[in-house]
Amino acid sequence: MVDLRTQLGPLALRSPLIAACGTVGSVVEFAATAPLELYGAAVAKSVSPEPWEGRRPPRLAPAGAGMLNSIGIQNPGVGTWVETTGRMIETLQIPVWGSAVAHTVADFAVVAKQLATTDIAAIEVNLSCPNLDGGEMFALDAAAAGQVVASVVAATDLPVGAKLSPNAERIVDVAAAAATAGAGWVVLGNTVWGAGFDVHTRRPKLSAVVGGYSGPPLKPISLRCVWQVAQALPDLPIVGCGGVRSGEDVVEYLLAGASAVAIGTAHFAEPRAARRIVRELTTYARRHRIAALTELIGAAEPW
């Protein structure tokens, strides 16, 4: 039997698979669709201090082998989330991470404090959503990212991870700032900026024109981020995220230096993808005589 367990900073996970934020809703409804026991954790959709309406349609569009989205993190606000979804988390057979998003450093702390009143196991700080109005992402600036993480760490005793962006020019600097501020791990990464146009109507595929691009084409970009951060900051645990569709994709992220791997866009086409991916991982491990998947972390062989 292949040992799927892994350690992500302070968190012991039964599987390296993480259900990525924004692709499994509140997790509660996803539990009725997919086998949660195959994941090490699941990340609920990001919530903000006050309700956000999100962007107007169209806000989803196919783009080659990937997908464009400009949802704008539509959510009911953390207060409502705590009273609804938050009350149901204890019924789930999986560690659930809350995800905090806000426009200001202080408001990230406000969200974190309220999330911590529920049974969530950790908080993921969403520094990298590309769909917010006004100003750049916190994840593009190391100092700003560090300030946000520090405010969340100070607001809760829960483990805290930081979700970064492949759009950052110096991803290692941002990861280092997050770690110095107290992040127990970083998620690498999120969507990249993208756009598309309908050649028949001549209109943008998204109402906001520019949105987040995700899916299989993102994997080489995210792998590059994981490799660079793992090489520069070998003691910082990493969740690899971007374009994961198969067991071999998971293996690639582990080889690059990730300790866990998030499945995102694949859930939209195949909600039960984790079952197939775990089967593929098990087959790979047996074929290569690997007793535990942790043997693969950072095991890439340079030329």
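The structure displayed is predicted, hence computed values, not measured ones. The numbering scheme is per chain: residues are counted from 1 as the chain's sequence reads. It should be noted that, the model being predicted, local features are given only for residues of pLDDT at least 70 and side-chain atom pairs only at 80 or more, the latter also being counted only at that level, while totals for whole chains, interfaces and linings use all residues. In computing side-chain values, all of the structure's heavy atoms are included and hydrogens and water are not.

Participant: Would you take a moment to explain the overall build of the protein for this structure?
Facilitator: By definition, any uninterrupted DSSP run of H or I lasting at least four residues is a helix, any uninterrupted run of E lasting at least two residues is a strand, and each is numbered from the N terminus. Helices and strands together make up the secondary structure of the protein, namely 9 helices and 14 strands. Throughout, radius of gyration means the C-alpha value; the globule benchmark is 2.2 Å times the number of residues raised to the power 0.38. A globule of 303 residues ought to have a C-alpha radius of gyration of about 19 Å, and the protein, at 18 Å, matches this closely. By principal-axis analysis of the C-alpha atoms, the protein measures approximately 50 × 50 × 40 Å. Categorising residues by exposure relies on relative accessible area from a 1.4 Å probe, with only protein chains included: less than 20% of the type maximum marks a residue as buried, more than 50% marks it as exposed, and the intermediate range marks it as partly exposed. Every one of the 303 residues in the protein was classed for burial, and the buried ones make up 55%. Contacts spanning at least 24 positions in sequence make up 71% of the contacts within the protein whose residues lie at least 6 apart. Computed by Shrake-Rupley with a 1.4 Å probe, the accessible areas treat only the displayed protein chains as cover when residues are assessed. When the accessible area of the protein is evaluated, it comes to approximately 13,300 Å², of which 53% is carbon and sulfur surface. With 23 positive and 25 negative side-chain charges, the protein shows a separation of 8 Å between the mean positions of the two kinds. By definition in these notes, contact holds between two residues if any of their heavy atoms fall within 4.5 Å. We treat Lys and Arg as the positive residues and Asp and Glu as the negative residues; His and chain ends play no part in the count. Every charge is mapped to an atom, namely NZ of Lys, CZ of Arg, CG of Asp or CD of Glu.

Participant: Looking at this structure, how should I read the environment of Leu188?
Facilitator: Inspection of the secondary structure assignment puts Leu188 in strand E10 (residues 185–188). Judged by its relative accessible area of 1%, Leu188 is buried. Linking Leu188 and Gly242, residues 54 residues apart in sequence, is a C-alpha distance of 7.9 Å. Sequence-distant contacts of Leu188, defined by excluding residues within four places in its chain, comprise Leu164, Ile171, Ser222, Cys225, Val226, Val229, Ile238, Val239, Gly240 and Cys241.

Participant: In this structure, what is going on with the sheet that holds strand E12 (residues 210–214)? I would like to understand it.
Facilitator: Strand pairing in a sheet relies on backbone hydrogen bonds. The paired strands run either parallel or antiparallel. Following DSSP output, two strands are said to pair if at least two bridges run between them. Reading across from one edge, E5-E6-E12-E11 is the order of the 4 strands in this open sheet, with antiparallel pairing throughout. The open sheet has two edge strands, strand E5 (60–63) and strand E11 (192–195), and neither has a second partner. Mean inter-strand twist for the sheet, computed between neighbouring axes without regard to direction, equals 40°. To get an axis, fit a line to the C-alpha atoms, keeping to the stretch in contact for a helix; angles then go from 0 to 180 degrees between the N-to-C directions.

Participant: Looking at this structure, I do not really get the pattern of salt bridges. What am I missing?
Facilitator: For side chains bearing opposite charge, pairing can occur when the charged atoms are close. Salt bridge, as used here: a side-chain nitrogen of Lys or Arg that lies within 4 Å of a carboxyl oxygen of Asp or Glu. Throughout the structure, instances matching the rule amount to 7 salt bridges. For the salt bridge of Arg5 with Asp3, the shortest nitrogen-to-oxygen distance reads 2.9 Å. For Arg5, a relative accessible area of 54% translates into the label exposed. The partner of Asp173 in a salt bridge is Arg170, and the shortest N-O contact between them spans 2.5 Å.

Participant: Is there a simple way to think about the pairing of strand E9 (residues 160–163) in this case?
Facilitator: Every regular strand shows the same layout, with side chains that alternate between the two sheet faces. Residues of E9 alternate between two faces, with Val160 and Ala162 on one and Gly161 and Lys163 on the opposite face, all of them buried. Inspection of the sheet shows strand E8 (residues 122–126) paired to E9 by 4 bridges, in the parallel sense. Opposite Ile123, over in E9, you have Val160 as the bridge partner. Relative to E10, E9 runs parallel, the two sharing 3 bridges. Each bridged residue has a counterpart across the sheet, and for Gly161 the counterpart in E10 is Trp185. By the criterion used throughout, a crossover qualifies as right-handed when its path from the first strand across the helix to the second strand runs clockwise, the strands pointing away from the viewer. Traced from E9 through helix H5 (residues 171–180) to E10, the parallel crossover comes out right-handed.

Participant: Looking at this structure, I do not really get the sheet that holds E8. What am I missing?
Facilitator: Taken in spatial order, the 8 strands line up as E3-E4-E7-E8-E9-E10-E13-E14 and close into a barrel, and their pairing is parallel. For this sheet the average axis-to-axis angle between neighbouring strands, irrespective of direction, equals 25°. For strand E13 (residues 238–241) and strand E14 (residues 260–263), the ladder comprises 3 bridges, and the chain directions are parallel. The residue of E14 that forms the bridge with Val239 is Ala260.

This is a description of form; function is not addressed.
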